[in-house]
Amino acid sequence: MKRAVYPGSFDPITFGHLDIIERSAKMVDELVIAVLCNSAKNSLFSLEERVNMIKEITKDIPNVKVETFDGLLVDYMRQIDANIIIRGLRAVTDFEYELQIAQMNHVLKDDAETIFLITNLKYSYLSSTVVKEIASYGGDISKFVPEEIIDRIYEKYNVNRENTYEQ
Ligand code: ADP
């Protein structure tokens, strides 16, 4: 059984994440989306909110599970018996950091293999941070995140969707 983890903050999940999820789910038997419970990172959405959004959006992909973890990723992987890590690469700026993490994980767990999926060109500029920034100013985020979660993002900034400009 080939089990992979796709770790991240997903604060909130975007079309860029979803693209990586759909593509990597086809490569493995089970994909566990592991939402990071990181108290040091100031997140907009609670862990529970992030998990619920991802569950809703991925409900039609049968081999995807959504879980949470904290601590070291390799320890979590031992717990769930996974040895593949999925990460998305948007640009060279992601590469240096990701390379370091992948090498470190390999040292900590010698059968851990990181698979990098190159982002779809149309999402290469997209990040959760950019989505939050645009939403906070009442900008249109419909091209960046699934419809199901748009209202929840605007709500965090007290933005009334009716007043946003959607093309
Ligand atoms: P982290 O806090 O670990 O960076 P993120 O939720 O921002 O968590 O990202 C999780 C993973 O998704 C990372 O591998 C990141 O490179 C990838 N990712 C984020 N945005 C995109 C995107 N637009 N296209 C492809 N991959 C992405």
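Residues numbered from 1 in each chain as written. Predicted model: local features only at pLDDT ≥ 70, side-chain atom pairs only at ≥ 80, totals over all residues. Heavy atoms only, no water.

## Topic: the overall build of the protein
Short version of the rule: Elements are defined by DSSP. Helices are runs of H or I of four residues or more, strands are runs of E of two residues or more, and each kind is numbered from the N terminus. For a compact globule the rule gives 2.2 Å times the number of residues to the power 0.38, and the radius of gyration it is set against comes from C-alpha atoms. Only protein chains enter the calculation, and the probe is 1.4 Å; a residue is then buried if its accessible area is under 20% of its type maximum, exposed if over 50%, and partly exposed in between. The contact criterion used throughout is that any non-hydrogen atoms of two residues lie within 4.5 Å. Here the open area of atoms and residues is found with the Shrake-Rupley method and a 1.4 Å probe, where only the protein chains shown may cover a residue. Under this rule, positive means Lys or Arg and negative means Asp or Glu; His and the chain ends count for nothing. Each charge is placed at NZ for Lys, CZ for Arg, CG for Asp and CD for Glu.
Per the secondary structure count, the protein includes six helices and five strands. Counted from the first residue to the last, the protein has its helices and strands arranged as β-α-β-α-β-α-β-α-β-α-α. Radius of gyration (C-alpha) of the protein: 16 Å, near the 15 Å computed for a compact globule of 167 residues. Considering the protein as a whole, with its 167 residues, one finds that 47% of them fall into the buried category. Residue pairs in contact within the protein that sit at least 24 positions apart in sequence constitute 73% of those at least 6 positions apart. By element, 50% of the accessible surface of the protein is carried by carbon and sulfur atoms, the whole surface being about 9400 Å². Once the 19 positive and 27 negative side-chain charges of the protein are each reduced to a mean point, those two points are 2 Å apart.

## Overview of the packing of aromatic side chains
The line we're drawing: Paired rings are identified among Phe, Tyr and Trp, the last through its six-membered ring, by centres lying within 6.5 Å, and are further divided according to the angle between planes into stacked (under 30 degrees), edge-to-face (over 60) and tilted (the rest).
By the definition in use, this model includes four aromatic pairs. Taking 5.2 Å as the distance between ring centres and 75° as the angle between the ring planes, the aromatic pair formed by Tyr 6 and Phe 10 counts as edge-to-face. Neither residue differs from the other here; Tyr 6 and Phe 10 are each classed as buried.

## A short note on the sheet that holds strand S3 (residues 64-69)
Just so we agree on the cut-off: Only strands that DSSP links by at least two bridges are regarded as paired with each other. Here an axis means a line fitted to C-alpha atoms, over the contact stretch when the element is a helix, while the angle between two N-to-C directions is reported on a 0 to 180 degree scale.
Taken in spatial order, the five strands of this open sheet run S3-S2-S1-S4-S5, and their pairing is parallel. Whereas interior strands pair on both sides, the edge strands pair on one side only; in this sheet they are S3 and strand S5 (113-118). The mean inter-strand angle of the sheet, taken between neighbouring strand axes irrespective of direction, is 30°. When strand S2 (residues 30-36) meets S3, the two strands line up parallel, connected through six bridges. Residue pairing across strands places Leu 31 opposite Val 64, the latter belonging to S3. Together, strand S4 (84-89) and S5 form the strand contacts of helix H4 (residues 92-108), whose direction differs from that of S4 by roughly 175°.

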